[in-house]
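Structural features, examined
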Amino acid sequence: MPQFLNATDAGFEASFTALLGAKREDSPDVDAVVADIIADVRARGDAAVIELTERFDRLTLTPETLRFSPAEIEALVAQVPEAERAALELAAGRIRAYHARQMPQDESWVDESGATLGWRWSPVSAAGLYVPGGLASYPSSVLMNAIPAKVAGVERLAIVVPTPDGKANPLVLLAAQLAGVDEIYRIGGAQAVAALAYGTESIAPVDKITGPGNAFVAAAKRRVFGKVGIDMIAGPSEILVIADADNDPDWIALDMLSQAEHDESAQALLITDCPKLAKAVQASIEKHLQTLERRAIAGKSWEDFGAIIMVPDMAKACELSNRIAPEHLELCVADPDELAKSITHAGAIFLGAWTPEAIGDYVGGPNHVLPTARSARFSSGLSVMDFVKRTTLAKMTPEALGKIGPAAETLAKSESLEAHGLSVRARLDRLNGQ
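Residues numbered from 1 in each chain as written. Predicted model: local features only at pLDDT ≥ 70, side-chain atom pairs only at ≥ 80, totals over all residues. Heavy atoms only, no water.

Looking at helix α13 (residues 314-324), one finds that the buried residues are Met-314, Ala-317, Cys-318, Leu-320, Ser-321, Asn-322 and Ile-324. Summarising the contacts, the buried residues of α13 are in contact with α1 (12-21), β9 (238-243), β10 (267-272), β11 (307-310), β12 (328-332) and α14 (336-340). Where α13 starts, the residue carrying a side-chain oxygen 3.3 Å from the main-chain nitrogen of Ala-315 turns out to be Asp-313. (Buried < 20%, exposed > 50% of the residue type's maximum accessible area, 1.4 Å probe, protein only. Helix = DSSP H or I, 4+ residues; strand = E, 2+ residues; numbered from the N terminus. Contact = heavy atoms within 4.5 Å. Polar contact = N/O pair within 3.5 Å; in protein donor to acceptor, adjacent residues only side chain to side chain.)

Laid out in structure tokens, this is it:
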């Protein structure tokens, strides 16, 4: 049964702490298997990737067919119905416009000593995007991962997408085309992550890997981190709705189910100060679970991890929300902008009853790749910033070195790093005519 908690009950704190600590991730012990796959790909390159693809995806490839050809892409893209093409184009345009505003600016200034200081931003040279295949094949995720990379200026962008039994999703390929992806490989799993990280004869290595995947993909991303950058290790989806009395319970129920239908381990939570709304939302969820296409998945999620929490006021709602640090937070209240000022930890905030989280998954503009499992306490969603890095700049004039150099020399001596101090002293002596 989903949990029903009341913040005024004596045992609430223990129950709420247990809710926060509930383990939702399906984490089978796959690390040893993934380690062997990565080692195999590093040692045998294309041959290992081809063998593993045949084993797991029932698809026979050659080095020449690992990558979709331009003709294949065009043929598949041509199958996309006009309405879906138009929707993807709208989404791509909005996502691109939003992320363009995230581009950071270079800075340079002269400080009081006369030194020139600053920084500059530059994109990673190559990025690889993992795109799930099969049932979990989401063209929206292609846009959300690829567009920020291209806005950032990434020169080479490759995606890997498994095509079990050779069946490709035309929408995924269209999304890649709209986003400006340069290379598309029909491979998946830990072997695809290894190929992106270390390279093979046919796949050049990248500098950063982003995108969601199953437990094997997540374990592979953990293992290759350090060789390449990664975005995050995303867990099951989650949504928290904070709602007052003046709401349509069906709207809230559907918003909660929109995340519950992702995964049996997803989590949908409601915090409200209105007992009548709480009961109505519960009833609406149960009603919709009778007909929802993915009711088996959504029902399991709601049954195992769902919760409705009663609070005395919205101040308490915000306090609990900040402890939850949800991936998605809907503020369905009279003044969502004001309430949002009290929210410090959330992956994405959706303001008002007319802003369903599903808009954010597709066409809102902000990225839908967001921190889960309370990691919004210390991390952010995917953005242009994930594909650029900052290089600091410093330029000393003789006068500037004369002013601040002695302090550097003193600190070097305090750390017993003689050559550090001498490298500064040699210049100071020249400056002083010695």
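The next point concerns the sheet that holds strand β8 (residues 229-230). Pairing is parallel across the open sheet formed by five strands, whose spatial order is β6-β5-β4-β7-β8. The sheet is open, and its two edges are formed by β6 (183-185) and β8, each paired on a single side. Lying on the sheet, helix α6 (residues 139-152) is in contact with β4 (126-130), β5 (156-160) and β7 (208-210); it crosses β5 at an angle near 170°. (Pairing = 2+ DSSP bridges. Axes fitted to C-alpha atoms, helices over the stretch in contact; angles between N-to-C directions.)

Okay, the nonpolar core next. Residues Phe-68, Leu-143, Leu-157, Ile-159, Val-181, Ile-184 and Phe-387 are the most contacted members of the largest nonpolar core, which totals 39 residues. Of all elements in the fold, only α4 (70-77), α5 (82-100), β4, α6, β5 and α7 (170-179) reach the threshold of two or more residues within this core. Not counting chain neighbours up to four residues away, the residues in contact with Ile-184 comprise Leu-66, Arg-67, Phe-68, Ile-73, Ile-159, Val-161, Leu-173 and Ala-176. Counting 33 residues, the second-largest nonpolar core is a separate cluster that includes Leu-59, Ala-190, Ala-195 and Val-228. (Core = buried A, V, L, I, M, F, W, Y, C linked by side-chain atoms within 4.5 Å.)

This brings us to empty space enclosed by the protein. Applying the stated criterion to the full structure yields one cavity of 30 Å³ or more. In terms of lining, the largest cavity is formed by Glu-238, Ile-239, Leu-240, Gln-267, Leu-269, Ile-324 and Pro-326. Of all the elements, β9 adds the most residues to the lining of the largest cavity, at three residues. Class assignment for the residues of the lining of the largest cavity results in five nonpolar, one polar and one charged. (1 Å grid on protein atoms, 1.4 Å probe; cavity = no way out; pocket = protein on both sides within 12 Å on 5 of 7 lines; lining within 4 Å. Points joined across faces, edges and corners; volume = space filled by probe spheres on them. Nonpolar A, V, L, I, M, F, W, Y, C, P; charged D, E, K, R; others polar.)

Glancing now at the pairing of β5. Within a regular strand, the side chains alternate between the two sheet faces. Among the five residues in β5, five count as buried, and that is most of the element. Residues Arg-156, Ala-158 and Val-160 of β5 are buried on one face, and the alternating residues Leu-157 and Ile-159, pointing to the opposite face, are buried as well. Bridge analysis of β4 against β5 gives five bridges, and the strand direction is parallel. What sits directly across from Ala-127, in β5, is Leu-157. Relative to β6, β5 runs parallel, the two sharing three bridges. Looking at the pairing, Ala-158 lines up with Glu-183 of β6.

Turning next to the pairing of β10. Counting buried positions along β10 yields six of six residues, so the element is predominantly enclosed. Burial of the side chains of β10 extends over both faces: Gln-267, Leu-269 and Ile-271 are buried on one face and Ala-268, Leu-270 and Thr-272 on the other. Sheet analysis places β9 next to β10, joined by six bridges and oriented parallel. Bridge pairing in β10 places Glu-238 opposite Gln-267. For the crossover that starts at β9, traverses helix α10 (residues 249-260) and ends in the parallel β10, the hand is right-handed. (Right-handed = clockwise from strand over helix to strand, strands pointing away.)

Once that is clear, we can look at the packing of α4 against α7. Orientation of α4 relative to α7, taken along the N-to-C sense of each, is 115°, at an axis distance of 8 Å. For the element pair α4 and α7, the recorded crossing hand is left-handed. Across the interface between the two elements, Ile-73, Glu-74, Leu-76 and Val-77 of α4 pack against Pro-170, Leu-173, Leu-174 and Gln-177 of α7. Of the residues in the contact of α4 with α7, the class split is six nonpolar, one polar and one charged. (Left-handed = near helix turned anticlockwise from the far one by under 90°.)

What follows is about the pattern of salt bridges. In this structure the tally under the stated criterion is 17 salt bridges. For Asp-231, the salt bridge goes to Lys-221, with nearest N and O atoms at 2.7 Å. Of the two residues, Asp-231 sits in the loop between β8 and β9 while Lys-221 sits in helix α9 (residues 215-224), which places them 10 residues apart along the sequence. What makes Asp-231 buried here is its relative accessible area of 15%. What emerges from the salt-bridge pattern is a single network uniting Glu-409, Lys-413, Arg-425 and Asp-429. (Salt bridge = Lys/Arg side-chain N within 4 Å of Asp/Glu carboxyl O.)

With respect to the helices and strands, His-368 occurs in the loop between α15 (357-362) and β14 (388-395). Those residues in contact with His-368 that lie beyond four places of it in its chain are Ser-140, Ser-141, Met-144, Glu-327, Gly-360 and Asp-361.

The rolling of a water-molecule-sized probe over the atoms marks out the regions of remaining empty space. The space that makes up the second largest pocket amounts to roughly 300 Å³. Contributing to the lining of the second largest pocket are 18 residues, with Tyr-98, Gly-347, Pro-366, Asn-367 and Leu-370 lying nearest its centre. Among the elements of the structure, β13 (348-351) and α15 are those that each provide at least two residues to the lining of the second largest pocket. For the lining of the second largest pocket, the residue count by class is eight nonpolar, nine polar and one charged.

The next point concerns the environment of Val-172. For Val-172, the location among the structural elements is in helix α7. Owing to a relative accessible area of 1%, Val-172 belongs among the buried residues under this scheme. On a C-alpha basis, the gap between Val-172 and Ala-48 in space is 25 Å, while along the polypeptide they are 124 residues apart. The residues touching Val-172, leaving out its near neighbours within four places in the chain, are Val-131, Ser-137, Tyr-138, Pro-139, Val-142 and Val-161.

Pairing within the open sheet is parallel, and its six strands lie in the order β1-β11-β10-β9-β12-β13. Each having just a single partner strand, β1 (3-6) and β13 make up the two edges of the open sheet. Neighbour to neighbour, the strand axes of the sheet diverge by 15° on average, direction disregarded. Pairing between β12 and β13: four bridges, direction parallel. When the sheet's bridge partners are listed, His-328 is paired in β13 with Ala-348. Strand contacts of helix α12 (residues 295-305): β10 and β11, with the helix running at about 55° to β10, the strand carrying the most contacts.

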